[in-house]
Structures are given as structure tokens and as C-alpha cells.
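Spelled out from the first residue to the last, the chains are:
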Amino acid sequence: MLLLQVSRGLVELALGMHAQTKLGGVGVLLLLAVGVGIRARRVGLAVGAAMVFTLLMIQA
């Protein structure tokens, strides 16, 4: 269980750093919106933010 939480934290950190280098603050805000949408069980917010994030990463 602890290993899962640590690995999830490392993946979130790596994604955040990658998004920040590619997209700046917008990428980090989109990742935050995905996380908030998942934790609040708002599927529309999570899916919408993930789609925008994916499109922006493709363009970058």
C-alpha cells in the first residue's frame, strides 16, 4: 500500500514537472483540475481537463 502511494506521488511529481516545462502554469493548472475532478468525483471536469491537457501536449 505504501509503495503504491509513493509511486503515485512520484508519477504526479514527474507529470507536473514535465507539464511545467512544456506548457508552464497552464499545464500545472490542468493537472490540478484533473486531480480535483477525480477526487471530487466530477467526471466532466476530470475528462475535460484531461482532454485539453492532452491536446496542448500534442501541440507543444
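Glancing now at the overall build of the chain. A count of helical and extended segments in the chain gives three helices and zero strands. Secondary structure elements of the chain, listed N to C terminal, follow the sequence α-α-α. Along the first, second and third principal axes, the C-alpha set of the chain runs to 35 × 25 × 15 Å. For the chain, the proportion of contacts with a sequence separation of at least 24, taken over those separated by at least 6, is 38%. Counting only carbon and sulfur atoms, one obtains 72% of the accessible surface of the chain, whose full area is about 4700 Å².

Attention now goes to a nonpolar patch on the surface. There is a patch of nonpolar side chains on the surface, built from Leu2, Val6, Leu10, Leu13 and Met17 and spanning about 520 Å² of accessible area. Within the secondary structure layout, Val6 lies in helix H1 (residues 2–23).

Looking now at the UniProt feature "transmembrane region" (unreviewed entry) in the chain. The residues that UniProt annotates with the feature "transmembrane region" (unreviewed entry) are residues 20–38 and 43–59. Along residues 43–59 the backbone is 100% helical and 0% strand, and the end-to-end C-alpha distance reaches 24 Å.

Here helix H3 (residues 43–59) spans 24 Å end to end across 17 residues, near enough to the 24 Å set by a 1.5 Å rise per residue. What H3 keeps buried is the set Ala46, Ala49 and Phe53. Looking straight down H3, one finds its buried side chains confined to an arc of 75°; they lie on one side. Exposed and oriented more than 90 degrees from the buried face of H3 are Val43, Gly44, Met51, Leu55, Ile58 and Gln59. Buried residues along H3 sit in contact with H1 and helix H2 (25–39).

Rules used throughout
- Residues numbered from 1 in each chain as written.
- Predicted model: local features only at pLDDT ≥ 70, side-chain atom pairs only at ≥ 80, totals over all residues.
- Heavy atoms only, no water.
- Helix = DSSP H or I, 4+ residues; strand = E, 2+ residues; numbered from the N terminus.
- Contact = heavy atoms within 4.5 Å.
- Areas by Shrake-Rupley, 256 points an atom, 1.4 Å probe, with all protein chains shown as cover.
- Patch = residues over 30% accessible without salt bridge, like charges linked within 9 Å, V, L, I, M, F, W, Y side chains within 5 Å.
- Salt bridge = Lys/Arg side-chain N within 4 Å of Asp/Glu carboxyl O.
- UniProt positions renumbered as here; feature names shortened; annotations may be inferred.
- Expected span 1.5 Å × (residues − 1).
- Buried < 20%, exposed > 50% of the residue type's maximum accessible area, 1.4 Å probe, protein only.
- Arc of directions from axis to C-beta.

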